[in-house]
Amino acid sequence: MARSGLAGAVRVARWADTALGPGRNGATADGKATLSDATAERAAEQIGLTTSQVRADWDTARLAGLVEVHGDSARPGWRLRAWDRDDSAVLRGWVALFDAWSLAHPEPADREPAAVAEVVSAMPQVLSFLQLSAGPVPVEQLLDLLHQRVTELRTERCEVPYDSPPGPAAPAALAAAAGPGATVPGAADREPVPETALPAPAATPLPVAVADVAEGTAGAGLAPLLDWALGALAAVGALTYGDGQATLTPLGSWAVWVKLEQICVAAQSPAGNIEQSAEDMLRGCAQLRPNAARAEYRAWLAARPVGSAVTELLDAARGDDALLRGLAFEALRVVGAPAEPDVHAAVGEPPLRPYALLWLAEHDGVDPEDAHEVLTREEATWLWVDTAAAVADHGEAPMLVRHLESALQPTVPALLNEVRAVGHPRTVQVLVALAAAHPDPALAKAVRRAAFQVHTGG
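Keep in mind that what you see is a predicted model, and the values were worked out from it rather than measured.

(A) Summary view of the layout of surface pockets. Considering only enclosed or pocket space, the second largest pocket measures out at about 1,000 Å³ in volume. Around the second largest pocket, the lining is made up of 37 residues, and of these G326, E330, Y355, L383 and T387 lie nearest the centre. Looking at the lining of the second largest pocket, the elements with two or more residues in it are α16 (290-302), α18 (322-335), α20 (353-363), α21 (377-394) and α22 (397-405). Top element by residues in the lining of the second largest pocket is α21. It accounts for eight residues.

If you want it as structure tokens, here you go:
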């Protein structure tokens with residue numbers, strides 16, 4: 001279902017990649033990420049669609065991550081590259097579109113932005129109810145549920161008009177006391193967003209069931225917005241909508257289940273770092289066993305957008321703490337494929353390059369025990385020094401001595417020669433710590449001499 005629903009968007013994205021990619025005529029003719037009239041007409045002619053269809057599919061491709069916008073330009077996203085070989089890329093693309101349902105289908109022009117925002121905030125509860133119902137649900141029930149949820153949102157904000165004249169209790173308080181769905185005379189006049197029955201937009205006529213339910217109820221002003229929301233979710237393939245009822249599609253039911261699962265995972269943060277920054281979360285995971293740390297990574301990731309989470313983790317990896325660098329890439333392994341473009345970009349940064357190359361090798365299916373073979377000798381030595389810095393800062397002396405035994409070089413003199421040449425900024429501190437920790441006096445002396453030579457530039 002996800003593949004068929006996004007087929008048009010994939011077709012337009014691939015056309016753009018082929019016809020407008022770097023090195024081809026017209027690659028930057030438009031100078032913006034949205035399609036110009038000329039480009040849209042060109043695409044329509046070559047693909048065999050109308051201009052409006054091309055624009056709609058292009059917008060869908062952007063929302064689904066098939067096309068990534070960077071400033072005033074657009075480029076193919078990782079999901080487009082992985083489309084034919086990775087089903088998870090397809091599902092993630094559709095979920096991104098599902099998350100952006102309110103952008104994929106414009107809201108009624110005659111509705112207040114505040115009312116639209118309230119309905120968008122309330123729809124997850126409506127979708128959860130549809131998922132639990134596992135079948136058709138009358139619009140009447142959904143409208144009542146939406147009205148209750150919007151009322152709860154306003155109550156949570158303590159949204160009471162400040163200019164209310166003294167006298168009897170405010171209508172909002174009376175409505176709360178009367179119970180869900182009750183109507184109170186004058187309430188519509190005092191709500192921040194008037195809930196009066198307005199005609200639905202001509203392009204999306206209000207179903208008879210919604211109009212019948214809305215008339216004379218407290219949810220009258222929400223009926224057109226419920227119609228819009230259900231229509232938008234139907235447009236992205238999350239549900240079917242008609243004959244006065246709505247039903248989640250199998251794909252929509254799966255997406256809601258995934259969202260509920262993410263909430264449950266986030267609520268089960270074992271170490272309580274879910275609200276911390278990436279750096280603080282990684283520090284909190286430093287003392288955890290690998291399985292517990294991965295559970296913490298999953299909980300932390302579930303609570304925030306993937307893109308911003310990846311950016312935060314890489315920013316933490318760029319810091320001075322080598323331990324956080326290694327832990328950040330462990331967390332990125334939990335992220336998986338969505339992190340691939342950013343990890344690819346990190347290959348160009350010397351401090352992150354060895355970690356990024358190992359991550360990419362494992363992501364491509366290389367056995368973790370063999371992944372080190374993708375590193376050059378210099379990169380492997382740089383990684384050895386960086387790991388030794390993490391051990392020196394956070395580990396114990398015996399661990400640092402054992403780390404010496406993991407070096408690729410067959411002898412300590414060979415290791416010291418390559419360590420001096422690799423130019424790691426923590427080389428001196430690592431060698432001094434190793435000399436202090438090693439029980440062999442002769443070897444410790446050689447390591448101290450090497451540290452002195454690096455320090456003095458010899």
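(B) Region of the structure containing the packing of aromatic side chains. Scanning the entire structure with this criterion turns up one aromatic pair. Centroid distance F329 to Y355: 5.6 Å. Interplanar angle 20°. Geometry classified as stacked. Of this pair, F329 sits in helix α18 while Y355 sits in helix α20, and the two are 26 residues apart along the sequence. With a relative accessible area of 1%, F329 lands in the buried category.

(C) Inspection of the pattern of salt bridges at higher detail. Tallied over the full model, the rule gives 13 salt bridges. Residue R55 is joined to D37 by a salt bridge in which the shortest nitrogen-to-oxygen separation is 2.7 Å. Taken as a pair, R55 in helix α4 (residues 51-63) and D37 in helix α3 (residues 37-47) lie far apart in primary sequence, 18 residues in all. A salt bridge links R377 to E418, with the nearest nitrogen and oxygen atoms 3.3 Å apart. Separated by 41 residues along the polypeptide, R377 in helix α21 and E418 in helix α23 (residues 412-422) bring together distant segments of the chain. The partly exposed category is assigned to R377, whose relative accessible area is 42%. Taken together, the shared-partner salt bridges in this structure form one network comprising E279, R283 and D321.

(D) Quick peek at the pairing of strand β5 (residues 245-248). Because side chains alternate across β5, one face comprises the buried residues A246 and L248, and the other comprises Q245 and T247, none of which is buried. Summarising the sheet, strand β3 (residues 137-138) and β5 pair through two bridges and their orientation is antiparallel. Bridging across to β5, P138 finds its partner in Q245. Relative to β5, strand β4 (residues 239-242) runs antiparallel, the two sharing four bridges. For Y241, the partnering residue across the bridge sits in β5 and is A246.

(E) Up close: the packing of helix α17 (residues 306-317) against α18. Packing of α17 against α18 leaves a shortest axis separation of 8 Å and a crossing angle of 160°. When the axis of α17 is compared with that of α18, the two are roughly antiparallel. Here α17 runs over α18; the crossing is left-handed. Only L324, R325, A328, F329, A331, L332 and V335 of α18 make contact with α17, whose side of the interface consists of V306, V310, L313, L314, A316 and A317. A per-class count over the contact of α17 with α18 returns twelve nonpolar, no polar and one charged.

(F) Here's a closer look at a negative patch on the surface. A cluster of acidic side chains, namely D367, E369, D370 and E373, defines a negative patch on the protein surface. Inspection of the secondary structure puts E369 in the loop between α20 and α21.

(G) Unusual backbone geometry, seen in detail. Even without glycine at this site, A134 takes up a positive phi of about 55°. Tracing the backbone through its elements, the reader meets A134 in the loop between α8 (113-133) and β3. A positive phi is found at D243, a non-glycine position, where the angle reads about 55°. Looking at the secondary structure, you find D243 in the loop between β4 and β5. For D243, a relative accessible area of 81% puts it in the exposed group.

(H) Spotlight on the environment of W83. With respect to the helices and strands, W83 occurs in the loop between α5 (78-81) and α6 (87-99). Its relative accessible area of 5% is what places W83 among the buried residues. Through-space distance from the C-alpha of W83 to that of V10 is 8.6 Å; in sequence the pair is 73 residues apart. Residue contacts for W83: discarding those within four places in its chain leaves R3, L6, V10, R14, L66 and V90.

(I) Here's a closer look at the environment of L358. Relative to the elements of secondary structure, L358 occurs in helix α20. In this structure the C-alpha to C-alpha distance between L358 and H372, which are 14 residues apart in sequence, comes to 6.5 Å.

Calculation criteria
Residues numbered from 1 in each chain as written. Predicted model: local features only at pLDDT ≥ 70, side-chain atom pairs only at ≥ 80, totals over all residues. Heavy atoms only, no water. 1 Å grid on protein atoms, 1.4 Å probe; cavity = no way out; pocket = protein on both sides within 12 Å on 5 of 7 lines; lining within 4 Å. Points joined across faces, edges and corners; volume = space filled by probe spheres on them. Helix = DSSP H or I, 4+ residues; strand = E, 2+ residues; numbered from the N terminus. Phe/Tyr/Trp six-rings, centres within 6.5 Å; stacked < 30°, edge-to-face > 60°. Buried < 20%, exposed > 50% of the residue type's maximum accessible area, 1.4 Å probe, protein only. Salt bridge = Lys/Arg side-chain N within 4 Å of Asp/Glu carboxyl O. Pairing = 2+ DSSP bridges. Axes fitted to C-alpha atoms, helices over the stretch in contact; angles between N-to-C directions. Parallel < 35°, antiparallel > 145°, perpendicular 65-115°, else oblique. Left-handed = near helix turned anticlockwise from the far one by under 90°. Contact = heavy atoms within 4.5 Å. Nonpolar A, V, L, I, M, F, W, Y, C, P; charged D, E, K, R; others polar. Patch = residues over 30% accessible without salt bridge, like charges linked within 9 Å, V, L, I, M, F, W, Y side chains within 5 Å. Areas by Shrake-Rupley, 256 points an atom, 1.4 Å probe, with all protein chains shown as cover. Lys, Arg positive; Asp, Glu negative; His and termini not counted. Charge placed at Lys NZ, Arg CZ, Asp CG, Glu CD.

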